[in-house]
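Descriptive analysis of the structure
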Amino acid sequence: MSDAKPVRFMSGGSAGGTSPALPSAPTVTRVMATVVLALVPGIGVYAWLFGWGVLVSLGITVAAAYAFEAAMLRIRGRPVWPFLKDLSVLVTALLLGLALPPLAPWWIPVLGAFFAVVVAKHLYGGLGQNSFNPAMAGYAVVLVSFPLHLSRWPAPVTLLDAPLGLLETLRLTFLGQLPGGMALDAITSATVLDRLRTEGLAGDAGAALSALPFLEAFAGHGVEWVNLAFLLGGLWLLYRRIISWHIPVALLGGLALMAGAFHLADTGQYAPPLTHLFGGAAILAAFFIATDPVTAAATPRGKLIYGAAIGALIYGIRVFGGYPDGVAFAVLLVGLTVPLLDQYTRPRTFGTGGRLR
Amino acid sequence: MKRRLWSFPGGVRLPGFKELSNREAIVPFPIPRFIVLPLAQHAGQPAEPLVAVGERVLCGQLIARPAALVSAPVHASTSGTVVAIEERPVAHRSGIPQRCIVIESDGLDEWLPPNADEQDPWRTPAKQLVERIRDAGIVGLGGAVFPSAVKLTPAKPVDTLIINGVECEPYITCDDLLMRSRPEAVLRGARLLLELTGARRCRVAVEDNKPEAAGALEQALAQVLRDDWAADMAVVQVPTRFPAGGEKQLIRVLTGREVPSGGLPFQVGVVCVNVGTVAAIHDALFEGRPLISRIVTVTGDGVAAPRNYEMRLGTPIREVLEQVLREDAQDMRVHIGGPMMGFALPDDRAPVAKGTNCLLVRAQPAETRPAEAMPCIRCGACVEVCPVRLMPQQLYWHARAGELDKAQKQHLFDCIECGCCAHVCPSRIPLVQYYQFAKHELREAQRRARKAELARTRNEQRQARLERQKAEKAAKRRSRGKPKRDEGAEAAEANGDEAAA
Ligand code: SF4
Ligand code: SF4
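Conventions adopted
Residues numbered from 1 in each chain as written. Chains lettered and ligands numbered in written order. Predicted model: local features only at pLDDT ≥ 70, side-chain atom pairs only at ≥ 80, totals over all residues. Heavy atoms only, no water. Helix = DSSP H or I, 4+ residues; strand = E, 2+ residues; numbered from the N terminus. Buried < 20%, exposed > 50% of the residue type's maximum accessible area, 1.4 Å probe, protein only. Contact = heavy atoms within 4.5 Å. Areas by Shrake-Rupley, 256 points an atom, 1.4 Å probe, with all protein chains shown as cover. Pairing = 2+ DSSP bridges. Axes fitted to C-alpha atoms, helices over the stretch in contact; angles between N-to-C directions. Parallel < 35°, antiparallel > 145°, perpendicular 65-115°, else oblique. Left-handed = near helix turned anticlockwise from the far one by under 90°. Near = heavy atom within 4 Å. Nonpolar A, V, L, I, M, F, W, Y, C, P; charged D, E, K, R; others polar. Salt bridge = Lys/Arg side-chain N within 4 Å of Asp/Glu carboxyl O. Phe/Tyr/Trp six-rings, centres within 6.5 Å; stacked < 30°, edge-to-face > 60°. Lys NZ or Arg CZ within 6 Å of the ring centre and 35° of its normal.

1. Quick word on the overall build of chain A
Of regular secondary structure, chain A possesses 18 helices and two strands. Classification of the 357 residues of chain A by burial places 53% in the buried group. Considering only contacts in chain A between residues 6 or more positions apart, those separated by 24 or more positions represent 74%. Working note: accessible area of chain A is about 15600 Å², and carbon and sulfur atoms make up 67% of it.

Below you can see the structure in the form of structure tokens.
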């Protein structure tokens, strides 16, 4: 035994599925990176159709969110680097940025990021502890406080004679200056959902909807292309098993069911389900926002109820509420019920409960 | 014939790494100079030594006897002299040293002469067979090390005997090799157990990633059935999914029955025995050989030639490592058991014991050190894979917050510590360690409560006795003087109550 080889043994337990002897499941960082990647096609199409404003606004939101996150981690005495590295801030910032209108003045996204990161996330205890979806909480606060700024959406660049360049966009965002002789109204337009609620199907929107070719027809204004790209990313997340099917299917199902029922009841007044699915932020909500692991229900049955409730509520708010799109409020409201949902939908532990089929 | 199979909830698909060690035949590992035999190689009470330091023992000789019903004897695993009976490091998760009998081998490996009056097992009554299984020191060799004799005397008749050759943990191949090399022993043992338990049918379950083992068993089964065509025995291949070899999961897969929460297999009419255990029972009953050795898989990228060894119990793991490690081995991590349910070896002086099925030796590249655990992001990945359908993240919150009663209410004790939840957790939380800790704390608390309860009742009894004595004295005193009627009656009543209680 004396001529033992110089072998050093590591101490400390590592089994119980966390052994380095097995290839490991993705980490939080990997999960979040995949989500970001899945957002890229949607963001690309969005920017391509609606101009530089999209990228400028996303850039401001991301920078602000990271600054607030780092500051909060510092203040709370948490290790800064591992938490910045986990990319969950990036996902929050991107979702918030996508919810805000691209040409809003710079302090709108900064304010949104403040509420999302500082209030909704860190004051509730940080990653994993927050009960409100941070991106939606940030958006909701800004929406309630500055409804006017949040109602100006850019018109698709294809409809403009002279779309803004990068520099002009930056000047508009930071200084509020437009190129000489141009009015803000010239580059913004009401969204499909806006027009639906102000004019109904009988108005311009309705006419535009029915007159345009297929893809343009069901949601109008190029938004459907953006949403198709997000749908693609979402399906990829499903395929990569980053999210489970329950929430997207239930959410879109709930929304489509409501829209379908009302549309059938009165075709003249209520827009068809496709318009609702592709006309606003429903796709983004179904695959990216409502699936936020921290604030969503965790049990399979809980997820179905959670998703369906959000879908139904989105429709309710859009059609009967005071805001054109209801994603944020729906997600926040249903999020309140998650602890209860999880408690009441807890799976039946193996070996409890009566006879099996 | 295609048999209906059921499935269990959750589970994960894991890479097997079986081909590392399953290509070579089993070889005997040389008998070391010093053999260290722990008195507690089984679940239950440690055995009581029957030998003294300085005594010469023969291979197969009983050197420690069971101390309770749930306990098991220990036999000398080679001939030599007892040189110490003392605490030594053992291969246990806790790292706490335990009493061991240390034998210095005389190199002769001289066996105890066989017991001539043991009869043909086929003609021995079940009760006696169980006794012989107990006397041979046989415990569950799949890792649970529960005394087999206890398991084979269920409190209620059973109809199904399951022989578990699933071996679902990655890397481990000792059962695979056993089934390939000695299928007759497994099936003959199983046939006898069928008789012994009174079960109607026997199913030998093998995971479908081990076609050779299943083939060997099928062939041997044909042989058995030729002599004994009426026996309802079959080899069943089950889908490869961890933890298909868990007792409750396997029972579910084969029979569709669900062992009740906190219950035992016999409650649904099943006895489930590991293939290694069946072979050991076979050797004990047909060859009169007590449990003195076992097959151990030695594998992992730190091992020069991974394979299975037949090792004498008590072989110090350090000696094994010295012989099998790769030349350039550095900074090794040694696991006892598989990567999912095993544990890091706390001390390499610990010996191979009855439950040591695998030594997994891994070189540990610096960059794959287990990452820092991040906060739980409530993603529910753990919920999806839990084979017991628990909510692992909630158990974790409760365990972390010290709300052990809540964890218990959520069936913490049904957790089989399979590690599926921790394996998929994106935050890399060592969930199972929290459950083990919580269970340990709860058991301790229970033990303390029982003790306190015992002390309380003792104290109450003592108080009552003192009161009674006082009352008796007072009564006597009164009866000597002028008895006051009502008080005397009261005292008598009190005495009557006491007597009734
Ligand atoms: S897998 Fe890990 S991070 Fe996800 S819910 Fe379970 S414990 Fe939390
Ligand atoms: S270790 Fe326990 S909680 Fe985790 S998956 Fe296995 S049985 Fe479920």
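2. Some details on the sheet that holds strand β10 (residues 201–207) of chain B
Residue and element names in this part refer to chain B. Spatially, β11-β10-β9-β12 is the arrangement adopted by the four strands of the open sheet, whose pairing is parallel. Each having just a single partner strand, β11 (232–238) and β12 (270–274) make up the two edges of the open sheet. The average angle at which neighbouring strand axes cross in this sheet is 20°, direction not considered. Sitting on the sheet, helix α7 (residues 275–287) touches β9 (160–165) and β12, and the angle it makes with β12 is about 85°.

3. Re the packing of helix α13 (residues 246–265) of chain A against helix α15 (residues 282–289) of chain A
Residue and element names in this part refer to chain A. It is the contact of α13 with α15, at a shortest axis distance of 8 Å, that shows an interaxial angle of 155°. Here α15 runs roughly antiparallel to α13, going by the angle between their axes. Seen along the crossing, α13 lies across α15 with a hand that is right-handed. Counted together, I247, P248, L251, L252 and L255 of α13 and A282, I283, A285, A286 and F287 of α15 form the full contact between these two elements.

4. A look at the site of ligand 2
Residue and element names in this part refer to chain B. Near ligand 2, the surroundings consist of 14 residues, among which C386, C415, C418, G419 and C421 are the closest. Elements with a contribution of two residues or more to the shell around ligand 2: α12 (420–424) and α13 (431–480). Along the lines of polarity and charge, the residues of the shell around ligand 2 split into 12 nonpolar, one polar and one charged.

5. Focus on the environment of V31 of chain A
Assignment of secondary structure puts V31 of chain A in helix α1 (residues 28–50). The class of V31 of chain A is buried, set by a relative accessible area of 15%. For the pair formed by V31 of chain A and L87 of chain A, sequence separation is 56 residues and the distance between their alpha carbons is 8.8 Å. Not counting residues up to four positions away in its chain, the partners in contact with V31 of chain A are P26 and I242 of chain A together with P426 of chain B.

6. Describing the pattern of salt bridges
Opposite charge on two side chains permits pairing when their charged atoms draw close. All names here are of chain B. Applying the stated criterion across every chain yields a total of 28 salt bridges over all chains. Among the salt bridges present, the one from E417 reaches K439, with a minimum N-O distance of 2.9 Å. Of this pair, E417 sits in the loop between α11 (404–409) and α12 while K439 sits in helix α13, and the two are 22 residues apart along the sequence. By relative accessible area, which is 5% here, K439 ends up buried. A salt bridge links R447 to E444; the nearest nitrogen and oxygen atoms lie 3.0 Å apart. Remark: E444 and R447 occur in helix α13; sequence separation between them is three residues, near one turn of the helix.

7. Structural notes on the packing of aromatic side chains
Counted according to the given criterion, the structure contains 14 aromatic pairs over all chains. Relative to F132 of chain A, the ring of Y124 of chain A has its centre 5.7 Å away and its plane inclined at 85°; by these criteria the two rings are edge-to-face. Ring geometry for F17 of chain B and Y171 of chain B: centres 4.6 Å apart, planes at 15°, overall stacked. Linking F17 of chain B in the segment before β1 (27–28) with Y171 of chain B in the loop between β9 and α3 (174–181), this pair joins segments that are 154 residues apart in sequence. Given the relative accessible area of 1%, Y171 of chain B is considered buried. Ring pairs connect the aromatic residues F262, Y270, Y315 and F320 of chain A, which therefore count as one cluster. If you follow R188 of chain B out to its NZ or CZ, it ends over the ring of F286 of chain B, 4.2 Å from the centre. Positioned over the ring face of F8 of chain B is R241 of chain B, at 4.3 Å from the centre of the ring.

8. Focus: the sheet that holds strand β15 (residues 332–336) of chain B
Residues and elements named next belong to chain B. With mixed pairing, six strands are arranged side by side in an open sheet as β1-β14-β13-β17-β15-β16. Whereas interior strands pair on both sides, the edge strands pair on one side only; in this sheet they are β1 and β16 (343–344). Bridge count for strand β13 (residues 293–299) against strand β17 (residues 358–363) is three bridges, and the pairing is parallel. When the bridges of β17 are listed, T299 appears paired with L360. Contacts from α3 reach β13 and β14 (307–312) within the one sheet, and its direction differs from that of β13 by about 120°.

So yeah, pure geometry; function would need other evidence.
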